[in-house]
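Observations on the three-dimensional arrangement
Residue-level listing of the chains:
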Amino acid sequence: MKEGSGEEQNIAPSVYSHTSRPGSHRYKNAKKGLPFNVMLVGESGLGRTTFLNTLCERMVVAPNNGPNPDQAHIAEPMQFKHYSVEMEEDGMKIMLNIIDTPGFGDSIDNESSFNQIQEYLETQFDGVLAEENRIKRNPKFKDSRVHALIYFITPTGHSLREIDIELMKRLGNRTNIIPVVARSDSMTPRELVLFKQRVMDDIATYGIPVFSFPDPEEDDDEGDEETVEENAELRAMMPFAVVGCEEVVNEDGRPVRVRSYPWGVVQIDNDEHSDFDRLRYVLLNSHIGDLRDRTQNDLYEMYRTEKLSGASAIQQDQQDQSQHQQTHAQIAAQPRSVVA
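Residues numbered from 1 in each chain as written. Predicted model: local features only at pLDDT ≥ 70, side-chain atom pairs only at ≥ 80, totals over all residues. Heavy atoms only, no water.

1. A closer look at the packing of aromatic side chains
- The tally for this structure, following the rule as stated, stands at nine aromatic pairs.
- Ring geometry for Phe 104 versus Tyr 151: centroids 6.4 Å apart, planes at 85 degrees, classification edge-to-face. In this pair, Phe 104 sits in the loop between strand E3 (92–100) and helix H2 (111–132) while Tyr 151 sits in strand E4 (residues 148–153), placing the two residues 47 residues apart along the sequence. As far as burial versus exposure is concerned, Phe 104 and Tyr 151 are alike and both buried.
- Aromatic ring contacts, followed pair by pair, group Phe 51, Phe 152 and Phe 276 into a single cluster. (Phe/Tyr/Trp six-rings, centres within 6.5 Å; stacked < 30°, edge-to-face > 60°. Helix = DSSP H or I, 4+ residues; strand = E, 2+ residues; numbered from the N terminus. Buried < 20%, exposed > 50% of the residue type's maximum accessible area, 1.4 Å probe, protein only.)

2. Observations concerning unusual backbone geometry
- That bond from Met 238 to Pro 239 is cis: its omega, -10 degrees, falls within 30 degrees of zero.
- Within the secondary structure layout, Pro 239 lies in the loop between helix H5 (225–237) and strand E6 (240–241).
- Here the phi dihedral of Asp 90 falls at roughly 55 degrees; this positive angle occurs in a residue that is not glycine.
- Within the element layout of this structure, Asp 90 appears in the loop between strand E2 (81–89) and E3.
- Its identity as a non-glycine residue notwithstanding, Arg 183 has a phi of 45 degrees, on the positive side.
- Relative to the helices and strands, Arg 183 resides in the loop between strand E5 (177–181) and helix H4 (189–205).

Given below as structure tokens:
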């Protein structure tokens, strides 16, 4: 379902838009656009809609005037909203499909939201599995597997909450989770550094499987020096501290995206103010191949093995039960001697 197309580009472009690394070049020949599917998950008020518009550098979703005060106490059920945007990054066409999840985390019990998202991710895997098993493949089949899930963490300044841990642990083996600190401009630089460290400590303590930028030494792959250095730098930045905005001002003759405050401004594309631009570069350029490859080669293959192993186990149980019934029937049909 296509709910937004964002035809007008009206936001300043990313400073990394024309920068690439060799890993993304192999997709440049995708004539119809390279499909890339991203899910946004986070509680209301953390800036998912603004993030979406800033990521796409255009107004994909119109600003929301806020909830009706008379209905503010009513928790709306979570839903999935789909948006499709055609983009071009470094000469590479991208068909960006974004799945937003309004209503997530707004209930006291979020178990149903966890189940909905997990079911959605697995349903996309099931679609690919069914297509693989077809005798004649559908040439128009669209791969809707989620390549990256951006999880928005509330900037509490303390540590991960139970809802954060549960969600990421449950979904980490179904998609590439990239945690971000939402509204990071609400914290001082020192507070942000400490909060990031606490989040990563929790991720390690609870064994949360988030996307980890490949370390060639761990993968027995030498890799080029530039990629090794870049991945080490990106790992050190996690979770990404993001600030989104749709306001553009003219500064020294060039458009700049900023959030204005009484005490000054936050420049979205300034690495000293926000990690947003680096995250955008990761998603749409430098690591788009890594995210797609891990989805196919690791996450999907893991799910496929689980699915087929489960089906085999059920089939074997059914065969054992059938043989058991046949044996009973054969025994019952055999003539029995009567002792006089």
